[in-house]
Amino acid sequence: MKSSIALIALALPLAHTSSALAQTGPDVSAAVVDEQSKKPGEIEFSADTVDYDFENDVVTATGDVLLNRDGYKLRSDTVIWNRKTGIVEAKGNIRSIGPNGETAYGDGIVLTDSLRDGVVDNLLLVLEDESRLAARKGERFADGSLTLDNAAYTACAVTTEDGCPKNPSWQIKAVKVRYDPIKKRVSYDGARIEIFGLPIIPLPGLSHPISDENRSGILVPNLRFDSTNGVAVSLPYYFNLAPNQDATITAQVFSEVAPLISGTFRNLDDKGAFRFTGYATYSSRIPTGAAGPLPDSEKDFRGYFATSGRFILNENWTISQSARIASDRTFLRRYDISDDDSLRSTINVERIDDNSYFSVAGWAFQTLRAGDPQNRVPIALPVIDYRKRFAETILGGNTQIQLNSLAIGRTEGQDTQRAFASARWDLRKLTNLGQEITLTGFARGDVYNSSDNALNETAIYRGDTGWQSRAIVTAAVDVKWPFIGQAFGGTQTLTPRFQVVATPAISNLSIPNEDSRSVDLEDTNLFALNRFPGSDRYEDNVRATYGLEWNLNRPSLRIDAVVGQSYRLANNSNIVPEGTGLSERFSDVVGRTEVRFKDIVKLTHRYRLDKDNLAVRRNEVDATIGSKNTYAQIGYLRLNRDISAGIEDLSDREEMRVGGRYQINQYWSVFGSAIIDLTDARDDPASSADGFEPVRHRVGVAYDDGCLSLGVTWRYDYDDTGDDQRGSTFLFRLALRNLGV
């Protein structure tokens, strides 16, 4: 090791100091000349004044003292270095910085001359992620690790925005704390969490990282209570398997039912990503429709599996998949995993370029609805679709073609295979008067084959058994004529629209109907060539559609409105049920109004009025009023179509959804929501509801200051389905910044 003279000479030219030597010693000028380059192991040194005691071999530096050695820096008011013992003692306004960026503050510190190991009194350690450790006494070792006695840790700010001191929202206090800068991890002995100064949770064996890197360990536990499962405690453990892989295993223990274990695995690479999730338990179940456990019921495996992924094979080809499977119909709701009433699994291979699209897919479904037989649920495999848009125009218009094939099978029910080829041509022109005219030509040929048609309970969906074919030809002209001007302090646009669509008669009823069942006239399909969803039904005859669009733009206000109706030369009741708004020559009147006022009011109203008496057949309102932090939401839907009860896809209903959030102050808020079924026997003869039947409500309170997030939510479910019983659920949420694993 270099002598103290060489150390001082490296960073402190004597000509720039006001130090006085306690004794006369050898001339150090030569050392200043000889030591012009720093070598490993040497200490860079600077101070306002330096006193060198040659007799005791002690260097005393005062006034903004800075020492730097191998990435370890020490700054203080006074530093005393004893060369004989190798002890460096610093006093006053101490700041010690390690090579990883952690900064320690203290009243006094005693180090070895390596500046790595030593003891600090009244230590404050600021880590690289801005979290803090404070202790009455701390000791740093040669490897850079620290041990702190009677210490506290927090990731919260300890000063206000004005720089005034404040107590952190939470902190961890422990008898002993160990910090490893290499592993970037903090471990505790005798730890407990204090929230708002109150000791809340003891955490024996707690350990967590202090960097953004993923590391294996225990995540924050979750606590909840519900009237079905009792008290539930979830303890997740996170595994950092690789930079692109991780997994989480969660054990859930309940006071009223068997334990549940779940796991998730995730992978990400240069080709894509996939995810697996699974839940498993071993317990008894109550079948849907039963009032309680069966006398001879036995415990059985219950679980749920889900996977999803997408892979990019090259710039054009991708493959994606998702699968969801449950052991029974009530497992997901019993354990509050999902409220879905059906599960979908699919795989899809796609090719996309600038002018074409190709897809081969398969679809499978699992029903979770009570009374819905699984053997009647369809499986679609394969589903093949090809579309191409030609870059060159034909007769001045754009042309695209589509080829499609579909096979639907059921274990007990109607099976259908379908294939079609279609071509569409569109020519768009603008006249000198500002009219936008679109001419459209469409042609399609279909081939169908079906069997077991009689097993379809809805007659108009069956079609004829065996091979069937049909040809479709459509011609259309669509005219828009916008008028723009100043009005109401802004700019308004008034656009009349008129469309004529002509299609020769089609034998629709001989074709099975698998994907065109939920037909309903609304503003989104009013001007469509075919107002049926899907491809199995196509609207024929000649019709004229007319409507009006209005738009108003002001600096803080925007209003959009559309209203329209259509007229057919012949009625459509042979393929469209009464009540859909499309069965007669004159359709019902449909419209939509949207209002946006700054970011305070958002309102959307959709409606359908009966053509004969203007009775409201569809009334849908979605509104949000308020700011980002305080707002109220309301949603209302009523379908009053009076369609035959035998057509399940078009049943009437009435429902209201309300919700809101109120920001009490900067950090505290309350929130709530409710879903109410307003359907009665007038809307749905099969319904036993009395016209006001709550489905679910929830109320809660939350706190969030960016460092601490906590909340309590009370939820009540009113439906009973098997062992998914009605009752209360209390959710307790706690999230601490930097605390996960």
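Residues numbered from 1 in each chain as written. Predicted model: local features only at pLDDT ≥ 70, side-chain atom pairs only at ≥ 80, totals over all residues. Heavy atoms only, no water.

This part takes up the overall build of the chain. From N to C terminus, the chain includes 4 helices and 42 strands. For the chain, with 741 residues in total, the buried portion stands at 42%. (Helix = DSSP H or I, 4+ residues; strand = E, 2+ residues; numbered from the N terminus. Buried < 20%, exposed > 50% of the residue type's maximum accessible area, 1.4 Å probe, protein only.)

The next subject is the pairing of strand S38 (residues 653-663). Alignment of strand S37 (residues 631-639) against S38, held across 9 bridges, turns out to be antiparallel. From the neighbouring strand, Gly635 faces S38, where its bridge partner is Arg657. Here S38 pairs with strand S39 (residues 668-677) via 9 bridges, running antiparallel. Across the sheet, the residue bridging to Gly660 is Gly672, located in S39. If you look at the hairpin formed by S38 and S39, you'll find 4 residues sitting between the two strands. (Pairing = 2+ DSSP bridges.)

Backbone torsion omega between Leu381 and Pro382 reads -5°, so that peptide bond is classified as cis. Note on placement: Pro382 falls in strand S25 (residues 379-389). Although it is not a glycine, Asn93 sits at a positive phi angle of roughly 50°. As for its placement among the helices and strands, Asn93 is situated in strand S5 (residues 87-97). Backbone geometry places Asn150, a non-glycine residue, at a positive phi of 50°. Along the chain, Asn150 falls in strand S9 (residues 146-154).

Looking now at the side chain of Glu620. With respect to the helices and strands, Glu620 occurs in strand S36 (residues 616-626). At a separation of 2.8 Å, a polar atom in the side chain of Glu620 contacts the side chain of Arg618. In contact with Glu620, not counting residues within four places along its chain, are Thr604, His605, Arg606, Tyr636 and Leu637. (Polar contact = N/O pair within 3.5 Å; in protein donor to acceptor, adjacent residues only side chain to side chain. Contact = heavy atoms within 4.5 Å.)

Attention now moves to the pattern of salt bridges. Taken as a whole, this structure holds 48 salt bridges when the rule is applied. We note a salt bridge from Glu436 to Arg428, for which the minimum N-O separation is 3.0 Å. As a salt-bridge pair, Asp446 and Arg470 come within 2.6 Å of each other at their nearest N and O atoms. A residue pair is termed long-range when its members are at least 10 positions apart, and Asp446 in strand S28 (residues 436-451) and Arg470 in strand S29 (residues 466-480) qualify at 24 residues. Among the ionic contacts, a cluster of salt bridges with common partners joins Arg224, Asp336, Asp339, Arg696, Arg715 and Asp717. (Salt bridge = Lys/Arg side-chain N within 4 Å of Asp/Glu carboxyl O.)

Generally speaking, a soluble globular protein has its nonpolar side chains buried in company with each other. Counting residues in each nonpolar core, the largest one holds 48 residues, and the members touching the most others are Leu133, Tyr153, Trp170, Ile172 and Tyr188. Setting aside anything within four residues of it in sequence, one finds Trp170 in contact with Tyr153, Thr154, Ala155, Cys156, Glu194, Ile195, Cys707, Leu708, Leu736, Arg737 and Leu739. Counting 12 residues, the second-largest nonpolar core is a separate cluster that includes Ala232, Ala306, Leu343 and Leu368. (Core = buried A, V, L, I, M, F, W, Y, C linked by side-chain atoms within 4.5 Å.)

A few words now on the state of the cysteines. One covalent bond between the sulfur atoms of two cysteine residues makes up a disulfide. By the definition in use, this model includes 1 disulfide. There is a disulfide in this structure between Cys156 and Cys707, and the S-S distance comes to 1.9 Å. Between Cys156 and Cys707, the S-S torsion sits near -85°, and that sign places the bridge as left-handed. Taken together, the positions of Cys156 in the loop between S9 and strand S10 (170-180) and Cys707 in the loop between strand S40 (693-704) and strand S41 (708-717) put the pair 551 residues apart, joining distant regions of the chain. In this structure, Cys156 and Cys707 share a single accessibility class: buried. (Disulfide = S-S within 2.5 Å.)

Here Ser342 lies in strand S23 (residues 342-352). You can call Ser342 partly exposed: its relative accessible area is 31%. As for Ser342 and Thr367, which are separated by 25 residues in sequence, their C-alpha atoms are 4.4 Å apart. Contact partners of Ser342, with chain neighbours within four places excluded, come to Arg324, Gln366, Thr367 and Leu368.

Attention now goes to the environment of Gly263. Mapped onto the fold, Gly263 is located in strand S19 (residues 260-269). On a C-alpha basis, the gap between Gly263 and Tyr238 in space is 9.8 Å, while along the polypeptide they are 25 residues apart. Sequence-distant contacts of Gly263, that is, excluding residues within four places in its chain, are made with Thr248, Ile249, Phe276, Thr277 and Gly278.

The next subject is the pairing of S37. Regular strands place side chains that alternate from one sheet face to the opposite one. Two elements, S36 and S37, share 9 bridges in a ladder whose sense is antiparallel. Residue pairing in the sheet places Asp622 in a bridge with Gly635 of S37. Linking two consecutive strands that pair antiparallel, namely S36 and S37, is a turn of 4 residues.

So, about the environment of Thr49. Note on placement: Thr49 falls in strand S2 (residues 49-53). Once the C-alpha coordinates of Thr49 and Thr78 are considered, the two residues, 29 residues apart in sequence, prove to be 9.7 Å apart. Looking at Thr49, its side chain comes within polar contact range of the side chain of Thr62, at 2.4 Å.

Turning our attention to the confidence of the model for the chain. One rule of thumb: low pLDDT means the predicted coordinates there are not for detailed reading. Chain-level pLDDT for the chain is 85 on average; 89% of the residues reach the 70-or-more range. With pLDDT under 50 throughout, residues 1-38 is counted as low confidence; its partners more than four residues away or in other chains account for 60 contacts. (pLDDT = per-residue confidence, 0-100.)

Right, let's talk about a nonpolar patch on the surface for a bit. Residues Leu223, Phe225, Val231, Val233, Tyr662, Ile664, Val670, Val701, Val712 and Phe732 make up a contiguous nonpolar surface patch of roughly 770 Å² in combined accessible area. Taken together, the elements giving at least two residues each to the nonpolar patch come down to strand S16 (222-226) and strand S17 (230-242). By secondary structure assignment, the location of Val701 is in strand S40. (Patch = residues over 30% accessible without salt bridge, like charges linked within 9 Å, V, L, I, M, F, W, Y side chains within 5 Å. Areas by Shrake-Rupley, 256 points an atom, 1.4 Å probe, with all protein chains shown as cover.)

A separate point is the packing of aromatic side chains. Considering all chains together, one arrives at 20 aromatic pairs under this definition. On the basis of an interplanar angle of 40° and a centroid distance of 6.1 Å, the ring pair of Tyr279 and Tyr304 is categorised as tilted. With Tyr279 in strand S20 (residues 272-283) and Tyr304 in strand S21 (residues 300-312), this pair connects stretches of sequence that are 25 residues apart. The class for Tyr304 is buried, based on a relative accessible area of 9%. Among the aromatic residues, ring-to-ring pairing joins Phe265, Phe274, Phe276, Phe305 and Phe311 into one connected group. (Phe/Tyr/Trp six-rings, centres within 6.5 Å; stacked < 30°, edge-to-face > 60°.)

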